[in-house]
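Notes for the structure review
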Amino acid sequence: MSITVVGVNHRTAPLDVRERFAHGPREIPASLERVLAAGARGGVLLSTCNRTEFYLNDPDDSAPEAVWTLLSERLGGARRASEYGYTQRDREAVRHLYRVSAGLDSMILGETQIQGQVRDAWELSKAQAGPALHRLFQSALLVGARVRSETGLAAGAASAPSAAVAVAAKIFTHLAGRSALILGAGDMAELAATCLASEGVRVTLVANRTYERAKAIAEELRARALTLDEAWDHFADTDIVLCSTAAPHAVVTWDRVAPAVARRGGRPLCILDLAVPRDVDPAVAQLENVFLYDIDDLQAVAAQAAVQRRGDIPAAEHIVSEEVERFWAWYGGLAVVPVLKELRDQMERVRADEVARALHRMHLSPEDRAQLEHFSQALLNKFLHQPTVALKEAAGAGRGYGLLEALKRLFGLGPRDDA
Amino acid sequence: MIPVLHLIALGLYAVGTAFVLAPFAGLRAAPRALTLAVPLLGMGAHVIGLARLTPFVGVAPTLSMLALFLVLLQVASEGLFRASAVGVFTGPLATGLVGLALLIGLTPEGLPSTARGPWSILHITVSVLGLAMLALAFIAAALYLLQFRELKARRFGQVFRLFPPLERLDQLNHLSLVLGFPTVTLGVLLGFGVRYAGGASVDAAQVVWGMLTWLVLGWAVGVRVVRHWAGRRAAFASIATFAAVLLVYVALKLAAPGTQRFL
């Protein structure tokens, strides 16, 4: 009986490989079915843009090969998927999932999105997970929640787009319902707009040097398209401006926006200049109630949060270790029951055979035969009592797994976890 | 018993202040429930201590009551506005005021033994509450200006992280002034009532200070509500208002020193 994780993540595989391994929700059941057919008793597939991991309850250790074969097919046969991945077993597999759920294994340390992705993976694989993985994923979600509430691992904004949200949130009481204007068509502005939209900000206007490009983005965001020259007047009524044009010089200048800003009546305006070179003339920051931040500022906010988060890694790892031991104690107890039953059945077969052989040689009265049966049964019970009690006690204390393996080896019971 | 209750309040306010200041010192923030519960417990002891205080005369009881209302407004700011940074000012201030009241003596000897009437007590209570609201408007304005400076200068340190958003501080300032003005107005009216109808002795300095407070607070509310001042300009107006009220009190107190009368 073994818990195994087989997969790749952002540290072991480049993006083009991870893209090929990524599974959509509809693909998950079929892939799991294939891996379970190789001998695993349960499986959960966690597939995000940064990782594809199969969590398996795999007593025969036969499923990892099936996983690598399945993933290698997605590479087109030229390369082996196992070159990009890892296999971890037992405690280390449990620790791995807990670290993933807590955000300790994420590209952006402590990010919270992974918690939802772990939950989704569990939900999608529930029918194929089996009791041990069911319990493992349930506890992983609790570990993630515990790490986030008891440590500062998820505090602050640790990426430039999320820093844009953090900065805007220090100006406005609520971001929900605020209006945003996007200048330009850069990827960073789109990313930041997505982050702001997740907080309820409405992108109402998109302006670009070429109107057609502005229109294309505006349609995606359900906003109104403008040319750059039309945009300056809207600095009077918008709350957040995201700049990301490809212009080689500043396009947002004092002269262009000062008249509109003067009409704001003291309401703050947050300008996030995400372009390199910068789109906004630094002099614009001198306007009353205008708060201007460029990409360096946002990266400084993100870096600060990352430093703070790193300081909380030991506390988070401590929680993970605690929870791994707790799970392993439960899991060890779960494994004891079938092995004890198998041991008892095996001993009972030996006893029955030996008694039958003895009775065949001896000519005893029915009363004496019953006495001998009873004696052999009592002897077997006495022999098995102490090992049973010791194993149950060890399992209860989380130390059952080693004893269990020894027992299986000594008495030739069931499949063994040799890892 | 009264000093003991005040000492308990003092201790709990000090602990509450430590909770508020801890994140600024780089320590982990205390759970929000605790930052609310500890000052509330202190307020419980404080209210019982103040209720037993007779006669309610002199500087010390007024300072003690001001501290109580400051803590009340601190808890309300945290509970309603999530503005725990208000406690950076109100915590040490309230703790210091209770300590000062204990040092002065809550029931000093040689005071007139006649107890104040209920209208007089109500006048004092409402006036001190109005003053605490003016202090809260000042604190919100000060926090606003600090956060404004950090945001403009693109500094992302403790103030950026731990102070509330600018707009929220502006709203807190607005609400404190708008609720503070009718409270002070009622306090002034009750003062006139006590003087002319109740026959109690009200000093001229109290009238001057009370009227000045009412007028400058009225001006601060006027520029916010009628002329729609907001943000930095409104913050400066609140600070000027509070400074004027405080300076005139100090001047009047220096003219007639002593701890047996508030003014």
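Looking at the domain arrangement of chain A
Domain boundaries in chain A define domain 1 (3–155), domain 2 (160–304) and domain 3 (336–411). The C-alpha-based centres of domain 1 of chain A and domain 2 of chain A are spaced at 38 Å.

With respect to the pairing of strand β7 (residues 224–227) of chain A
All names here are of chain A. By the bridge criterion, four bridges tie strand β6 (residues 202–208) to β7 in an arrangement that is parallel. Bridging across to β7, Asn208 finds its partner in Thr227. Tracing the backbone out of β6, into helix α8 (residues 211–221) and back to the parallel element β7 gives a crossover that is right-handed.

Let's talk about the sheet that holds strand β8 (residues 240–243) of chain A
Residues and elements named next belong to chain A. Judged by pairing direction, the sheet is parallel, and its six strands sit side by side in the order β7-β6-β5-β8-β9-β10 without closing on themselves. Looking at strand neighbours, the two that pair on one side only are β7 and β10 (290–294), the edges of this open sheet. Ignoring strand direction, the axes of neighbouring strands in this sheet form an average angle of 20°.

Description of the packing of helix α2 (residues 28–37) of chain A against helix α3 (residues 63–74) of chain A
Residues and elements named next belong to chain A. Between α2 and α3, the shortest axis-to-axis distance is 8 Å and the interhelical angle comes to 140°. Judged on the interaxial angle alone, α3 and α2 are oblique. The two elements α2 and α3 cross, and the hand of that crossing is right-handed. Touching Ser31, Arg34 and Val35 of α2 are Ala63, Ala66, Val67 and Leu70, all from α3. Grouping the amino acids of the contact of α2 with α3 by side-chain chemistry returns five nonpolar, one polar and one charged.

Comments concerning unusual backbone geometry
All names here are of chain A. In this chain, Val276 is followed by Pro277 through a cis amide linkage whose omega measures 0°. Structurally, Pro277 can be placed in the loop between β9 (269–273) and β10. Although it is not a glycine, Asp90 sits at a positive phi angle of roughly 55°. By the secondary structure assignment, Asp90 is in helix α4 (residues 90–102). For Asp90, a count of 17 C-beta atoms within 10 Å puts it in the partly exposed group.

About the cut-offs
- Residues numbered from 1 in each chain as written.
- Chains lettered and ligands numbered in written order.
- Predicted model: local features only at pLDDT ≥ 70, side-chain atom pairs only at ≥ 80, totals over all residues.
- Domains from an automatic or database assignment.
- Pairing = 2+ DSSP bridges.
- Helix = DSSP H or I, 4+ residues; strand = E, 2+ residues; numbered from the N terminus.
- Right-handed = clockwise from strand over helix to strand, strands pointing away.
- Axes fitted to C-alpha atoms, helices over the stretch in contact; angles between N-to-C directions.
- Parallel < 35°, antiparallel > 145°, perpendicular 65-115°, else oblique.
- Left-handed = near helix turned anticlockwise from the far one by under 90°.
- Contact = placed C-beta atoms within 7 Å.
- Nonpolar A, V, L, I, M, F, W, Y, C, P; charged D, E, K, R; others polar.
- Buried ≥ 20, exposed ≤ 12 C-beta atoms within 10 Å, placed from the backbone.

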